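Chain by chain, the residues run as shown.
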Amino acid sequence: MAKKSEPDSVENVPYTKTLASRAVIKIKMSDNMPLEVQEEILKMLPMKPLIQFRSVSKVWKSLIDSSHFIAHYSSPHTHLLVLEDPAYAYPTSDTAILWNISIRKAVVVVVPNVADPKERIYFTHLGFGVCPETVDIKIVKVTQIATWNRTESISCIPWQVEVFTLSTRVWRSPRGNLPRKSIKFGYGHGIDGVFYWLATNRSTINDGFMYKYNLIISFDMVSEEFREITFPNSLVHKSRDNLWFSSLRKSLVLLEHNDEMTNVVVWMMDGGVSNSFAKLFTIHAPHAKILRVREFRKSGEPIVQIMEDPFDPDRIYVSSSLFVYEPNSKRFSELGISARGAHDLFSVHFYMETLLLLDQPEFAVYDKGERYIAKGRPKTEGF
């Protein structure tokens, strides 16, 4: 049998060859190609073949696994992740998991002084993000007194704010300012190096009467500063049960539900400017219940969780499904994903492929500046 000859130039590679195959052939045919040029070619490859090419040579593995390559690799591919029956609550264990689904790798971080929600003395809130300047993974932990009228009686809570950075492996105080103690943190959402919390500011006036209003608290992963962002005037005193966050094109989106759960008004924050929100459109479903807007497509259409015919007496059990809403035509298109039950049965996220955590050992656990390897996959709280 005749041996199959190699193509004598990259131009002769059939067009049916993938970009990855053509890139490898081009590099192999250039024995004297500088490593810097090889690196630029490898950066153009999709995630899956790039991971496989780590086994081609020790040089490539060392290059791809390097912190410099990981920080500067940017994949154009995004994917939709749908989780059924996620656990949303205050952290109930002293560990958190950082998971990169693109490379199927996770590490565990031990979280100090996590509040026990059963005692209801103080609560712990976690936020997560990647610093755009250093590409360092950070976790921010906020501890707050649960009941406003006990703020003065409780003299000390363990570290009101702490920040964990993966590069240093330790928790420390943030470099920037701290939030006011009167702020009550709620649901959070991270966008492009900033983590946002839906919050309430509490104060006591008129013989013990508590006055409160809604606002947004942001934490910048670069400056490590907290900032207060005011709501549109019509939402300042809206029930927090009817307000949620999402993101659209790297901008914060505020979702206003009506009490009947048939309408959702979509607001977008304009460049992070306080009290600068633009109303985009209203989702209207008169014959169903809108349980939650779960995510937005790049084109702007929201992915909505809906419970159809909620008052049908012939229904044996409650079920909900995911739909895409088209604002111009005002029509819903079903995605074909359903589940029994109503609230909090879905978590929907778009994610971009990344090499973050590639240089970390599998099952690595970080605790008080030390790293050790866990035996088996730990059961932890995840981001």
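Residues numbered from 1 in each chain as written. Predicted model: local features only at pLDDT ≥ 70, side-chain atom pairs only at ≥ 80, totals over all residues. Heavy atoms only, no water.

Topic: the sheet that holds strand 4 (residues 122-130)
(1) Moving on: Read across the sheet, four strands follow the order 4-5-6-7 without closing on themselves; strand pairing throughout is antiparallel. On the outer flanks of this sheet lie strand 4 and strand 7 (170-172), each paired with one strand and no other. Sheet twist, expressed as the average angle between the axes of neighbouring strands with direction ignored, equals 20°.
(2) Moving on: In terms of strand pairing, strand 6 (residues 161-165) meets strand 7 through three bridges, oriented antiparallel. Paired with threonine 165 across the bridge in strand 7 is valine 170. (Pairing = 2+ DSSP bridges. Helix = DSSP H or I, 4+ residues; strand = E, 2+ residues; numbered from the N terminus. Axes fitted to C-alpha atoms, helices over the stretch in contact; angles between N-to-C directions.)

Some remarks on the nonpolar core
(1) Moving on: Grouped together as the largest cluster of nonpolar side chains are 29 residues, with contacts concentrated most on Leu42, Leu50, Phe69 and Leu355.
(2) Moving on: In terms of residue count, the dominant contributor to this core is helix 4 (residues 58-64) (three residues).
(3) Moving on: What leucine 50 contacts, discounting residues up to four positions off in sequence, is Leu42, Leu45, Ile64, Phe69, Tyr73 and Leu355. (Core = buried A, V, L, I, M, F, W, Y, C linked by side-chain atoms within 4.5 Å. Buried < 20%, exposed > 50% of the residue type's maximum accessible area, 1.4 Å probe, protein only. Contact = heavy atoms within 4.5 Å.)

What about the packing of aromatic side chains?
Each aromatic ring pair is characterised by the separation of its centres together with the angle its planes make.
(1) Moving on: Applying the stated rule across the entire model yields twelve aromatic pairs.
(2) Moving on: Ring geometry for tyrosine 187 and tryptophan 244: centres 5.0 Å apart, planes at 75°, overall edge-to-face. Note that tyrosine 187 is positioned in strand 8 (residues 183-191) and tryptophan 244 in strand 12 (residues 243-248), a separation of 57 residues in sequence.
(3) Moving on: An aromatic cluster is built from Phe185, Phe195, Trp197, Phe219 and Phe226, whose rings are joined through pairwise contacts.
(4) Moving on: The cationic tip of arginine 292 hangs over the ring face of tryptophan 244; the distance from NZ or CZ to the ring centre is 3.5 Å. (Phe/Tyr/Trp six-rings, centres within 6.5 Å; stacked < 30°, edge-to-face > 60°. Lys NZ or Arg CZ within 6 Å of the ring centre and 35° of its normal.)

Description of the pattern of salt bridges
(1) Moving on: Counted by the stated rule, this structure contains ten salt bridges.
(2) Moving on: With a closest N to O distance of 3.5 Å, lysine 238 and glutamate 256 form a salt bridge. With lysine 238 in the loop between strand 11 (226-230) and strand 12 and glutamate 256 in strand 13 (residues 251-257), this residue pair connects regions lying 18 residues apart in the sequence.
(3) Moving on: Under the relative-accessibility criterion, glutamate 256 is labelled buried at 15%. (Salt bridge = Lys/Arg side-chain N within 4 Å of Asp/Glu carboxyl O.)

As for the side chain of asparagine 242
(1) Moving on: Its place among the elements puts asparagine 242 in the loop between strand 11 and strand 12.
(2) Moving on: The exposure class of asparagine 242 is buried, given its relative accessible area of 13%.
(3) Moving on: Not counting residues up to four positions away in its chain, the partners in contact with asparagine 242 are Leu255, Glu256, His257, Asn258 and Asp259.

Considerations on the sheet that holds strand 15 (residues 277-284)
(1) Moving on: Here we have four strands laid out as an open sheet, ordered 12-13-14-15, and antiparallel in their pairing. On the outer flanks of this sheet lie strand 12 and strand 15, each paired with one strand and no other. Adjacent strand axes in the sheet meet at a mean angle of 25°, parallel and antiparallel pairs treated alike.
(2) Moving on: Pairing of strand 12 with strand 13 involves six bridges; the strand directions are antiparallel. Residue leucine 248 lies in a different strand from strand 13, and its bridge partner there is serine 251.

Quick notes on unusual backbone geometry
(1) Moving on: With a phi close to 55°, valine 135 is a non-glycine residue in the positive phi region.
(2) Moving on: Given a relative accessible area of 26%, valine 135 falls into the partly exposed group.
(3) Moving on: One non-glycine residue, methionine 261, adopts positive backbone phi at about 65°.
(4) Moving on: Assignment of secondary structure puts methionine 261 in the loop between strand 13 and strand 14 (263-269).
(5) Moving on: For methionine 261, a relative accessible area of 17% puts it in the buried group.

With respect to the pairing of strand 21 (residues 364-367)
(1) Moving on: For strand 3 (residues 105-110) and strand 21, the ladder comprises three bridges, and the chain directions are parallel. Looking across to strand 21, one finds that valine 107 is bridged to alanine 364.
(2) Moving on: Inspection of the sheet shows strand 21 paired to strand 22 (residues 370-373) by four bridges, in the antiparallel sense. The residue of strand 22 that forms the bridge with valine 365 is tyrosine 372.
(3) Moving on: Following strand 21, the chain reverses through two residues before pairing antiparallel with strand 22; lysine 368 in that reversal takes a positive phi of roughly 55°.

Some points on the pairing of strand 13
(1) Moving on: Burial within strand 13 is extensive, with six of its seven residues counted as buried.
(2) Moving on: Where strand 12 hands over to strand 13, the hairpin turn is made up of two residues, of which arginine 249 adopts a positive phi near 50°.
(3) Moving on: Across five bridges, the pairing between strand 13 and strand 14 is antiparallel. Note that in strand 14 the partner of leucine 255 across the bridge is valine 266.
(4) Moving on: In textbook terms, the turn of a hairpin is the stretch between consecutive antiparallel strands, and for strand 13 and strand 14 this stretch comprises five residues, one of which, methionine 261, has a positive phi near 65°.

Points about the environment of glutamine 144
(1) Moving on: Mapped onto the secondary structure, glutamine 144 falls in strand 5 (residues 137-145).
(2) Moving on: Classification of glutamine 144 as buried rests on a relative accessible area of 6%.
(3) Moving on: Sequence-wise, glutamine 144 and tyrosine 122 are 22 residues apart; in three dimensions their C-alpha atoms are separated by 5.4 Å.

Re the confidence of the model for the protein chain
(1) Moving on: Per-residue confidence for the protein chain averages 79 on the pLDDT scale, and 75% of its residues sit at or above 70.
(2) Moving on: Counted against residues more than four places away or in other chains, residues 1-17, with its pLDDT under 50, gives 13 contacts. (pLDDT = per-residue confidence, 0-100.)

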